[in-house]
Amino acid sequence: MAKPTPERLRAALDDQLAALGEEPYTGPAARLADALIDAVVTAYAAGADPERAAVRLAVKLLLDRLAGQAPGKSVEVRVPPYAAVQCVAGPRHTRGTPPNVIETDPKTWVLLATGRLAWADAADRISASGARADLSPYLPVDPYEPR
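Each value, and the rule that gives it
- Residues numbered from 1 in each chain as written.
- Predicted model: local features only at pLDDT ≥ 70, side-chain atom pairs only at ≥ 80, totals over all residues.
- Heavy atoms only, no water.
- Pairing = 2+ DSSP bridges.
- Helix = DSSP H or I, 4+ residues; strand = E, 2+ residues; numbered from the N terminus.
- Axes fitted to C-alpha atoms, helices over the stretch in contact; angles between N-to-C directions.
- Buried < 20%, exposed > 50% of the residue type's maximum accessible area, 1.4 Å probe, protein only.
- Left-handed = near helix turned anticlockwise from the far one by under 90°.
- Contact = heavy atoms within 4.5 Å.
- Nonpolar A, V, L, I, M, F, W, Y, C, P; charged D, E, K, R; others polar.

**What about the sheet that holds strand S3 (residues 101-104)?**
Then, in step 1: Strand order in the open sheet formed by 4 strands is S2-S1-S3-S4, and the pairing between neighbours is mixed. Each edge of the sheet is formed by a strand with only one pairing partner; in this case those strands are strand S2 (83-87) and strand S4 (126-129). For this sheet, the mean inter-axis angle between neighbouring strands, taken without regard to orientation, is 10°.
Then, in step 2: Bridge count for strand S1 (residues 75-79) against S2 is 5 bridges, and the pairing is antiparallel.

**So, the side chain of Glu76**
Then, in step 1: Structurally, Glu76 is set in strand S1.
Then, in step 2: For Glu76, a relative accessible area of 14% translates into the label buried.

**Examining the packing of helix H2 (residues 32-45) against helix H4 (residues 106-113)**
Then, in step 1: Here H2 crosses H4 at 115°, and the two axes come no closer than 11 Å. Between H2 and H4 lies a crossing of left-handed hand. Between H2 and H4, the contacting residues are Val40, Val41 and Tyr44 on the first element and Pro106, Lys107 and Val110 on the second.
Then, in step 2: Among the residues making up the contact of H2 with H4, the classes are represented as 5 nonpolar, no polar and 1 charged.

The quantities given are spatial measurements derived from coordinates; they are silent on function.
Structure follows, in structure tokens:
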């Protein structure tokens, strides 16, 4: 998955902040990704739908962090329509549908990955198949902690 450019991150972040009625981002460039994810979580917490570009980037960033934290090819995590990654060590598949697949919507993924929703509490919002289709040991992804 290609890393988004700082310009794309800043544009999506500033659009999301404007939609929340907040001022444009003035923090350090190194924190753009976290600020974007935080803004998307804030929109969800307010009962609003985040800006499409912001949620798309947040999903991709959080999936990328999961894949970095749990490297491997035994589980495919899908968040349509935005992205999918393979992660978790173990037997890998090479053709067709992988034996361990997790699929969820963008909101559920963002809340799971940031620790705002527990894996067990999201069972009705996740489609999971396969013996390794449980991400609870890997959530929340770094650097997020439940608040």
